[in-house]
Amino acid sequence: MRFLNYIAGQWVPPHHDRWFANINPADTRDEIGQFPLSDAADLERAVRAAADAFGQWSRIPAPQRGELIRRAGDIFHRRKEELAAIMTREMGKPLFETRGDIQEAIDTAYYSATETRRLFGHTTPSELPNKMNLSFRMPIGVCGIITAWNFPIAVPSWKIFPALAAGNTIVWKPSDDAPHSANIFAEILQEAGIPSGVFNVVHGNAEAGSALVEHPSVRLIAFTGSTATGKQIAQRCGALNKKVSLEMGGKNAVIIMDDANLELALDGVLWGAFGTTGQRCTATSRLILHAPIHDRFLEMLTERASKLRIGPGLDPATQMGPVINQRQLEKILGYIAIGTAEGARLITGGNRLTRGELEHGFFLEPTIFADVTPTMRIWREEIFGPVLSVTRADSFEHAIALANDSDYGLSSAIYTGSVEYAFAAMRDIEAGITYINAPTIGAEAHMPFGGIKNTGNGHREGGWTVFDIFTEWKTVYVDFSGRLQRAQIDTQSA
Ligand code: NAD
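Residues numbered from 1 in each chain as written. Predicted model: local features only at pLDDT ≥ 70, side-chain atom pairs only at ≥ 80, totals over all residues. Heavy atoms only, no water.

Q: Tell me about the state of the cysteines, and please be specific about residues and values.
A: With the rule as written, the count across this model stands at zero disulfides. Left without a disulfide partner, Cys143 is nearest to the cysteine sulfur of Cys237, which lies 12 Å away. Given the relative accessible area of 0%, Cys143 is considered buried. Between Cys281, a free cysteine, and Cys237, which holds the nearest cysteine sulfur, the sulfur-to-sulfur gap is 20 Å. (Disulfide = S-S within 2.5 Å. Buried < 20%, exposed > 50% of the residue type's maximum accessible area, 1.4 Å probe, protein only.)

Q: Describe helix 11 (residues 326-342), listing the residues and the values that go with them.
A: Here helix 11 is 17 residues long and its end C-alpha atoms lie 24 Å apart, about the 24 Å a rise of 1.5 Å per residue gives. Those residues of helix 11 lying buried are Gln328, Leu329, Ile332, Tyr335, Ile336 and Gly339. With its buried residues spanning 125° around the axis, helix 11 presents them on a single face. Exposed residues lying more than 90 degrees from the buried face of helix 11 are Arg327 and Ala341. Structurally, helix 11 contributes buried residues whose contacts are with strand 15 (367-370), helix 12 (377-380) and strand 16 (387-393). (Helix = DSSP H or I, 4+ residues; strand = E, 2+ residues; numbered from the N terminus. Expected span 1.5 Å × (residues − 1). Arc of directions from axis to C-beta. Contact = heavy atoms within 4.5 Å.)

Q: Any details on the sheet that holds strand 18 (residues 412-415)? Residues and values, ideally.
A: Spatially, the seven strands line up as an open sheet ordered 14-15-16-13-12-18-19, and their pairing is mixed. Strands at the two margins of the open sheet, each flanked by one partner only, are strand 14 (345-348) and strand 19 (435-436). Two elements, strand 15 and strand 16, share three bridges in a ladder whose sense is parallel. The partner of Phe369 across the bridge, within strand 16, is Ser389. With respect to the sheet, helix 11 is in contact with strand 15 and strand 16, its orientation differing from that of strand 15 by roughly 20°. (Pairing = 2+ DSSP bridges. Axes fitted to C-alpha atoms, helices over the stretch in contact; angles between N-to-C directions.)

Q: Describe the site of the ligand, naming the residues involved and giving the relevant values.
A: The ligand sits among 27 residues. The nearest are Thr147, Lys173, Ser226, Met248 and Glu382. A distance of 2.8 Å is found between an oxygen atom of the ligand and a side-chain nitrogen or oxygen belonging to Thr229. Here the ligand has 850 Å² of accessible area as a free molecule, and 88% of this is covered by the chains. Those elements that provide at least two residues to the shell around the ligand are helix 7 (206-214), strand 10 (218-224) and helix 8 (227-240). Residue assignment places the shell around the ligand across two domains, with domain 1 (5-248 + 456-476) and domain 2 (252-436) each supplying three or more. (Near = heavy atom within 4 Å. Polar contact = N/O pair within 3.5 Å; in protein donor to acceptor, adjacent residues only side chain to side chain. Areas by Shrake-Rupley, 256 points an atom, 1.4 Å probe, with all protein chains shown as cover. Domains from an automatic or database assignment.)

Q: An account of the domain arrangement of the chain is needed here, citing residue identities and associated values.
A: Domain annotation for the chain reports domain 1 (5-248 + 456-476) and domain 2 (252-436). The C-alpha centroid of domain 2 is placed 31 Å from the C-alpha centroid of domain 1. Across the interface of domain 1 and domain 2, roughly 2,000 Å² is buried in total on both sides, 61% from carbon and sulfur atoms. Looking at the side of domain 1 facing domain 2, the largest losses of area belong to Pro25, Ala26 and Trp149, adding up to 24% of the total buried there. (Buried area = accessible area lost by both parts, 1.4 Å probe.)

Q: I'd like a description of the environment of Pro152, backed by residues and values.
A: With respect to the helices and strands, Pro152 occurs in the loop between strand 7 (142-146) and helix 5 (154-165). Separated by 61 residues in the primary sequence, Pro152 and Met91 have C-alpha atoms spaced 8.4 Å apart. If we skip the residues at most four places from it in the chain, Pro152 touches Met87, Met91, Lys93, Asp101, Trp172, Ala178 and Ser181.

Right, here's the structure in full:
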C-alpha cells in the first residue's frame, strides 16, 4: 500500500515518484507500506502552501485557533487505541507505551489550546509622560519541523500544537522510521478543521530534511534527533540566519545513595534503562551506585533485568520491544563489543535474541555492564539501546562529579532518603531535568523540557517556555502627548 504526503490539504504523491518501505521492527516480513521519498520539489510545494496560508491563519484570534487544537486533542483521544497499534507496529514499543505517547499529545493539545487565552505580553511604565509601552508575541511564519522516530506522536506534538497556537504555519518532515503515525497526525488535524496549507507533512530522509532547512521561506527549524544531525542543521541555520531549536541526545545518569529505598530505585532504574528499549533521549544509560549498596543493588538489578519479557510490542505481555532497525541493532551490538574490549564487566545480556518468532525482528537482551570507568566509550557516548553502564561512587560528592562528567545534560535522577543530598543534587547536577526519587523518564507536558551541553541550544519545549521558540517579540510605544518626546534626552534635560 502507498501512503502520500499531505500538502495544502491534499494527499499527494512525491514529485519524482520515489518511495521507501516502512517495516515492522518486530517482524521484518511485515511491510506497513511505501512512503514518499520526497525531495526539494515536494518541499517547495509544501513551503509555498504554508507561506500562502500564513496571513489568514495568523490573523485568526488565538483562542479560535485554540478551539481547533482542542478539537484535535479530542480526536486523538477518540482514536487512541487505533493509533497506538499503528505506532507500535511501525516503531516497536509496547502498546502501553504508545498509549502514553498519544496521551502526551492530548495533554499538549489541551495545554496549548488553553495557552491561546494567555500568550501574555508585558505592559510597562514609560519613562516619558503620556506614553505607554507594551509588548506582545508575534508568530514567526513558516516553521520547519524535523523529528526523530522514538516518540512519533508526542515529540512532534510538543512543536506542532504550540507553533499552531502561536499562529505559525508548518511543514513537518517526520522520521522515515515512523511515517505512518505522521499521516494519522495529519488526518486528525484535517478533521479538527485546521485550514488547508496551515499544516503540511512531507516524508523522506535527510535529503528532504535538508531541503526544508535550506528553503528561504522557512523562518525557523525546530529539530529533535541526534546531536550529530542537530549540530549540522544548526550550522546551516547559522549561515542562513534562521532561528533554530535543538532537542538532541542524552547520556542520563541515576545516582543511588546508601540511604535510598532500593526497591523503589530498582523499579525506577529498570523503567528508565529498558523502557522504550533504551531508545529515549531521557533513558537511564549511566548508573552510579554508592559503594555501600553497590554489590547488593547490582545483584537485585541483574535478576530483574534478566527476567524482563522481550517480544513484539503488540503482545500485551511484552515489557520490552525490539530496537528500531538493522542499523541501530548493529550499532548497539558494536557498543557491546566495545564495552567488553574496554574491560567493562558484562553482567547480563549482550546478545541478539533469535528464538522462535523473534528471529524476524531486531530484538536484544537487556544488557548491563559493571565496573565501567568514565573514560570508556560506553560511559561517554549515546548508545540509544538497552545498555546500562554501572559504576561505583565513594561519596555523594564523587557521585555528583561522575554524573557531571558527561558531554550531555538532558535528564538525571537521584534516589536518597536525605533532604541534604536531594537539595544539593537539585542544585549541583548539570542537566536540564533532575528527578528526586523517580526515574530519568517521565516528562509532563506543562513543564519545560530540554537539556544543556550537547543536548540542546538553550531552548525549552513543553510548558510556557515553548512559546519563546515559536514567537518573536513586538515592542510598541504609544505616545499620546501630541508632541515630540525624545527618550533618554528629554527625561534628562527636564
Ligand atoms: P537522526 O538525527 O538520525 O534523525 C532525526 C531527523 O533528522 C530525521 O527525521 C532525519 O530524517 C532528519 N535528518 C537526518 N539528517 C538530516 C539533515 N542533514 N538535515 C535535515 N534533517 C536530517 O535521529 P534519530 O535516529 O531519528 O533519533 C534518535 C536521536 O534523537 C537520539 O540521539 C535521541 O537522543 C534523540 N532524541 C532527542 C529527544 C530530545 O527531546 N532531546 C527526543 C527524542 C529523540
